[in-house]
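Listed below are the residues making up each chain.
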Amino acid sequence: VRLLKSDVMPNFSSHVENAVSALGVNKTVDENEFIDASRLVYDGVREIRRAVLLNRGEEDVDSDTEWEEETDISEIGSVRPQVESRTESLIDEYPDISGITNAREAMKKLPDEEKAKIAQQVEVFRVEKRAFDREVSKWDDQGNDVIVLAKHMCMIMMEMTDFTRGRGPLKTTMDVINAAKKISEAGTKLDKLARAIADQCPESTTKKDLLAYLQRIALYCHQLNITSKVKADVQNVSGELIVSGLDSATSLIQAAKNLMNAVVLTVKASYVASTKYRKTEEQTKLAPLVVWRMKAPEKKPLVRREAPEDVKAKVRKGAGVKQTSPLKMLSDFEGLQDSD
């Protein structure tokens, strides 16, 4: 921290000031030095963060993403906001049990065997989530409420699965219940929008499939509402805490997985119903319900920048080609003729 405050930040500030001054008078700026200064700031902040995490206990961690890197790139998971608990943290859900105050802490106290089974269910959920990412993340959500609602529902489902492992922003049973209600509200909005899309689609297999997927969403939202109300059972037997909540946790994860699958199928069917059928003259005059536009790929530099160590590396002189004098070449040629 001292090194970052005394050396790195002043160095970065001076480079910023020099760059601004140079640009003001139309002078060239050494980009490599500016990148080096920025890299030092980034490395310093990263080391401070790592030191803070190493000094924290597992009970102080709210999300598993602080400890382990994500194995798959997820736009939705990487940018999801850490929502604070909606319920006051002072509420004691287990007043007769010492050492546990809310449902999230109870999930942390589960036996190792039950934690392993929950981890297996979560891994199955992650497989479904990767399929969700592949389908949803390729679409631009500007003017497309189907994608906006799908991402919102996915974010809440991820928070609910984190809760089953004793992590994430949801702390109490009431938080989980409220999260399930929010998913149901988003599912209702998605149902209304998708049915409007289906109404504009002619009678076809796609229309029937879309309406069937909407029925699945309603069913799985109802299951989430039921499973979210089941609280982990905590007993104090001879001074030892016995926590059991495997059935409720696995039911919650299974309902979230099924719901995510239904949402993915709804997105696919909505795209086909919106774009792959000929519209009537009246429909062409109306504004589209949703705009399906592929997301633009991230901008990448046309020329790869050289690494700072490559720029500053010494260039060694290569072995030059020895020039042979014309007279020697001529004498060698005459010698060959004499030998013939």
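From a predicted model like this one, the values you see are computed outputs, not experimental measurements.

Enquirer: Is there a simple way to explain the overall build of the protein chain in this structure?
Expert: Within the protein chain, the regular secondary structure consists of twelve helices and two strands. Seen in sequence order, the protein chain has helices and strands lined up from the N terminus as α-α-α-α-α-α-α-α-β-β-α-α-α-α. By element, 53% of the accessible surface of the protein chain is carried by carbon and sulfur atoms, the whole surface being about 22,400 Å².

Enquirer: What is the right way to read the side chain of Glu 135 from this model?
Expert: On the secondary structure map, Glu 135 appears in helix 5 (residues 112–136). Overall, the relative accessible area of 10% leaves Glu 135 in the buried class. Each residue touching Glu 135, except ones within four places of it in the same chain, is listed here: Val 264, Val 267 and Lys 268.

Enquirer: Where do I start with the environment of Ala 103 in this structure?
Expert: Tracing the backbone shows Ala 103 in helix 4 (residues 103–108). Considered as a pair, Ala 103 and Val 176 are 73 residues apart in the sequence and their alpha carbons are 9.4 Å apart.

Enquirer: I tried to follow the pattern of salt bridges on my own but got confused; where do I start?
Expert: Two side chains that carry opposite charge are able to pair once their charged atoms sit near each other. All told, the structure shown has eight salt bridges when counted by the stated rule. Among the salt bridges present, the one from Asp 140 reaches Arg 293, with a minimum N-O distance of 3.7 Å. Of this pair, Asp 140 sits in the loop between helix 5 and helix 6 (145–164) while Arg 293 is found in the loop between helix 10 (281–285) and helix 11 (308–311), placing the two residues 153 residues apart along the sequence. Of the residues examined, Arg 293 reaches a relative accessible area of 38% and is grouped as partly exposed. In this structure, Asp 162 and Arg 165 form a salt bridge, with 3.0 Å as the shortest nitrogen-oxygen distance.

Enquirer: What am I meant to see in helix 6 here?
Expert: Note: α-helices contain 3.6 residues per turn, so residues at a spacing of three or four share the same orientation. In this model, helix 6 (20 residues) spans 29 Å end to end at C-alpha, consistent with the 28 Å of a helix rising 1.5 Å per residue. Here helix 6 lies mainly inside the structure; 17 of its 20 residues are buried. Among the residues of helix 6, the N-terminal cap falls to Asn 144, whose side-chain oxygen and the backbone nitrogen of Val 146 are separated by 3.2 Å. Two residues or fewer past helix 6, Gly 166 is found with a positive phi of approximately 75°.

Enquirer: Which parts of the structure should I look at to understand the nonpolar core?
Expert: In a soluble, globular protein the nonpolar side chains are often hidden away together inside. If you look at the biggest cluster of nonpolar residues, it comprises 56 residues, and the most contacted ones within it are Met 153, Met 160, Ile 183 and Leu 259. Looking at this core, the elements with two or more residues in it are helix 4, helix 5, helix 6, helix 7 (173–200), helix 8 (205–227) and helix 9 (246–275). Other than its neighbours up to four places away in sequence, Ile 183 contacts Met 153, Ile 156, Met 157, Met 160, Cys 221, Leu 224 and Leu 259.

Enquirer: I tried to follow the packing of aromatic side chains on my own but got confused; where do I start?
Expert: Each aromatic ring pair is characterised by the separation of its centres together with the angle its planes make. Per the counting criterion, the structure on display carries three aromatic pairs. For the pair Trp 139 and Trp 292, a centre-to-centre distance of 5.2 Å together with 75° between the ring planes defines the contact as edge-to-face. In this pair, Trp 139 sits in the loop between helix 5 and helix 6 while Trp 292 sits in the loop between helix 10 and helix 11, placing the two residues 153 residues apart along the sequence. The exposure classification of Trp 139 matches that of Trp 292, with both residues buried. Aromatic rings pair up to connect Trp 139, Tyr 271 and Trp 292 into one cluster.

Enquirer: Just to check I follow, could you spell out the environment of Leu 224 for this structure?
Expert: With respect to the element layout, Leu 224 can be found in helix 8. For Leu 224, a relative accessible area of 0% translates into the label buried. Each C-alpha atom, one on Leu 224 and one on Lys 181, is 8.7 Å from the other, the two residues being 43 residues apart in sequence.

Thresholds, definitions, all that
Residues numbered from 1 in each chain as written. Predicted model: local features only at pLDDT ≥ 70, side-chain atom pairs only at ≥ 80, totals over all residues. Heavy atoms only, no water. Helix = DSSP H or I, 4+ residues; strand = E, 2+ residues; numbered from the N terminus. Areas by Shrake-Rupley, 256 points an atom, 1.4 Å probe, with all protein chains shown as cover. Buried < 20%, exposed > 50% of the residue type's maximum accessible area, 1.4 Å probe, protein only. Contact = heavy atoms within 4.5 Å. Salt bridge = Lys/Arg side-chain N within 4 Å of Asp/Glu carboxyl O. Expected span 1.5 Å × (residues − 1). Polar contact = N/O pair within 3.5 Å; in protein donor to acceptor, adjacent residues only side chain to side chain. Core = buried A, V, L, I, M, F, W, Y, C linked by side-chain atoms within 4.5 Å. Phe/Tyr/Trp six-rings, centres within 6.5 Å; stacked < 30°, edge-to-face > 60°.

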